[in-house]
Amino acid sequence: MKLWLALLFLYVIAVPAQAITVQDFSGREVTLDQPAKRIVALAPHIVENLYSAGAGDKLVGVVSYSDFPDEAKNVPEVGTYNAFSLEQVLALNPDLVVMWGSGNGMQTLSTFEALGIPVYVSELRQLSDVPKSIRNLSQLAGTPAIGEAEASRIETELNALHRRYGEKRSLSVLYQIWNDPLQTVNGEHLISEIIALCGGHNVFGDASSLAPRVSIESVLLRDPDAIVASGMGEARPEWLDQWRAYPSLTAVADEALFFVNPDHLQRPSARIVLGARSLCQQLDQIR
């Protein structure tokens, strides 16, 4: 019996754990010999998605403004998303870095690859990318059951919103990121997909750049049914009421100057369900 147990032990330590492989948003295959235990996340939305994936306790480094959930505020910061300290990241001895492709810059990938550190590239451009990312991160962190449950919840709730609002009378919407300069998003932005989910359409969906600057004259010409402001925090921005200087605008005449917490729409994370629900309910008020 003792010989058998000894042979079994030798077999267990001789056979490595099955490797984990997922495809990231740059199309690369990311392979880990075992689940990641020390993760550095280089964007606030990535931090949120790691917590949603059940991997929050594996985070050892984040960037500034990683403020949700509250536990994330206690994780050491390595700088900002566009100016992080490579030395600080390396000092944390990560076995996985999760980066934001367009935000951190793809040269970041080359840097970490040269150092032999596994990197997962996050670049979420569609609603379906949010649950996909959570599933992938949970695989890499060894928490697939948690990730699957959260991803399925997000998909279920978004589908329910689309069934309820998606086929209602279409409304034209201006989503205003900022007032000076006046800035919005085009049809390729994830926010346009949320507007469509709610049965609306982006009045600047045909713009050529992802986040174009537009003129007041162009807004008056397109005359949106609703204007939705983001701003910088949880409070409704005062500049939204500047549109009242243009009473001929349909959105002003119909009291359709709305606000949605920007973190609930502009961060591609699980909280996007909250943002979509808020937007759908407010647009439905003017139908």
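Bear in mind that the values here come from a model prediction, so they are computed numbers and not experimental data.

A short note on the packing of aromatic side chains
For any pair of aromatic rings, geometry is given as the distance between the ring centres together with the angle between the planes.
In step 1: Counted according to the given criterion, the structure contains five aromatic pairs.
In step 2: Pairing phenylalanine 25 with tyrosine 120 gives two aromatic rings, centres 6.4 Å apart and planes at 90 degrees, and the pair type is edge-to-face. Pair noted here: phenylalanine 25 is in the loop between strand 1 (20-23) and strand 2 (29-32) and tyrosine 120 is in strand 8 (residues 119-122), with a separation of 95 residues, a long-range link.
In step 3: Residue classification places tyrosine 120 among the buried residues on the basis of a relative accessible area of 0%.
In step 4: Ring geometry for tryptophan 178 against tryptophan 239: centres 5.6 Å apart, planes inclined by 65 degrees, an arrangement best described as edge-to-face. Of this pair, tryptophan 178 sits in strand 10 (residues 178-179) while tryptophan 239 sits in the loop between strand 13 (226-229) and helix 10 (250-253); the two residues are 61 residues apart in sequence, bridging distant segments of the chain.
In step 5: Residue tryptophan 239 is classed as buried on the basis of its relative accessible area of 10%.

Thoughts on the nonpolar core
Most often, soluble globular proteins keep nonpolar side chains buried together rather than apart.
In step 1: Residues Ile39, Leu59, Tyr120 and Trp243 are the most contacted members of the largest nonpolar core, which totals 72 residues.
In step 2: The biggest single contributor to this core is helix 11 (residues 272-284), with six residues.
In step 3: Discounting chain neighbours no more than four positions away, the residues touching isoleucine 39 are Leu50, Ala55, Lys58, Leu59, Val60, Gly61, Asp95, Leu96, Val98 and Ala141.
In step 4: By size, the runner-up hydrophobic cluster in this structure holds 14 residues, among which are Leu109, Phe112, Ile117 and Val119.

Some thoughts on the sheet that holds strand 14 (residues 257-259)
In step 1: Here four strands make up an open sheet; going across it, the order is 12-9-13-14 and the pairing parallel. Taken across any chain shown, the strands that pair with only one partner, and hence form the sheet edges, are strand 12 (200-202) and strand 14. With direction set aside, neighbouring strand axes in the sheet form an average angle of 35 degrees.
In step 2: Note that strand 9 (residues 171-176) and strand 13 share four bridges and pair parallel. From the neighbouring strand, leucine 174 faces strand 13, where its bridge partner is isoleucine 227.
In step 3: Helix 8 (residues 190-197) rests against strand 9 and strand 12 of the sheet, and its axis sits at about 155 degrees to strand 12.
In step 4: Where helix 11 meets the sheet, its contacts fall on strand 9, strand 13 and strand 14, and the angle it forms with strand 14 comes to roughly 160 degrees.

A look at the pattern of salt bridges
In step 1: For the structure on display, the rule yields 20 salt bridges.
In step 2: Each of Glu48, Asp67, Asp263, Arg267 and Arg271 takes part in salt bridges that share partners, so that together they form one network.

What to know about the confidence of the model for the chain
In step 1: The share of residues in the chain with pLDDT of 70 or more is 94%, and the mean pLDDT across the chain is 93.
In step 2: Between residues 5-16, whose pLDDT stays under 50, and residues either more than four places distant or in other chains, the model counts zero contacts.

A few points about the pairing of strand 1
In step 1: Of the two faces of strand 1, the one lined by Ile20 and Val22 is fully buried and the one lined by Thr21 and Gln23 carries no buried residue.
In step 2: Here four bridges tie strand 1 to strand 2, and the two strands are oriented antiparallel to one another. Within the sheet, the bridge partner assigned to valine 22 lies in strand 2 and is valine 30.

Looking at unusual backbone geometry
In step 1: Residue proline 69 is reached from phenylalanine 68 by a cis peptide bond, and omega for that bond is -5 degrees.
In step 2: Inspection of the secondary structure assignment puts proline 69 in the loop between strand 4 (59-61) and strand 5 (79-80).
In step 3: Between aspartate 180 and the following residue, proline 181, the backbone shows a cis peptide bond with an omega angle of 10 degrees.
In step 4: Here proline 181 shows up in the loop between strand 10 and strand 11 (182-183).
In step 5: Here aspartate 223, not a glycine, exhibits a phi torsion of approximately 45 degrees, which is positive.
In step 6: Mapped onto the fold, aspartate 223 is located in the loop between helix 9 (216-222) and strand 13.
In step 7: If you check the backbone angles, glutamate 255 has positive phi at about 55 degrees while not being a glycine.
In step 8: For glutamate 255, the location among the structural elements is in the loop between helix 10 and strand 14.

Notes on the state of the cysteines
In step 1: Inspection of the entire model under this criterion finds one disulfide.
In step 2: Between cysteine 198 and cysteine 280 runs a disulfide, and the two sulfur atoms are separated by 2.1 Å. Between cysteine 198 and cysteine 280, the S-S torsion sits near -85 degrees, and that sign places the bridge as left-handed. Residue cysteine 198 is located in the loop between helix 8 and strand 12, and its partner cysteine 280 is located in helix 11; the two are separated by 82 residues in the primary sequence.
In step 3: Overall, the relative accessible area of 0% leaves cysteine 198 in the buried class.

Cut-off values and rules
Residues numbered from 1 in each chain as written. Predicted model: local features only at pLDDT ≥ 70, side-chain atom pairs only at ≥ 80, totals over all residues. Heavy atoms only, no water. Phe/Tyr/Trp six-rings, centres within 6.5 Å; stacked < 30°, edge-to-face > 60°. Helix = DSSP H or I, 4+ residues; strand = E, 2+ residues; numbered from the N terminus. Buried < 20%, exposed > 50% of the residue type's maximum accessible area, 1.4 Å probe, protein only. Core = buried A, V, L, I, M, F, W, Y, C linked by side-chain atoms within 4.5 Å. Contact = heavy atoms within 4.5 Å. Pairing = 2+ DSSP bridges. Axes fitted to C-alpha atoms, helices over the stretch in contact; angles between N-to-C directions. Salt bridge = Lys/Arg side-chain N within 4 Å of Asp/Glu carboxyl O. pLDDT = per-residue confidence, 0-100. Disulfide = S-S within 2.5 Å.

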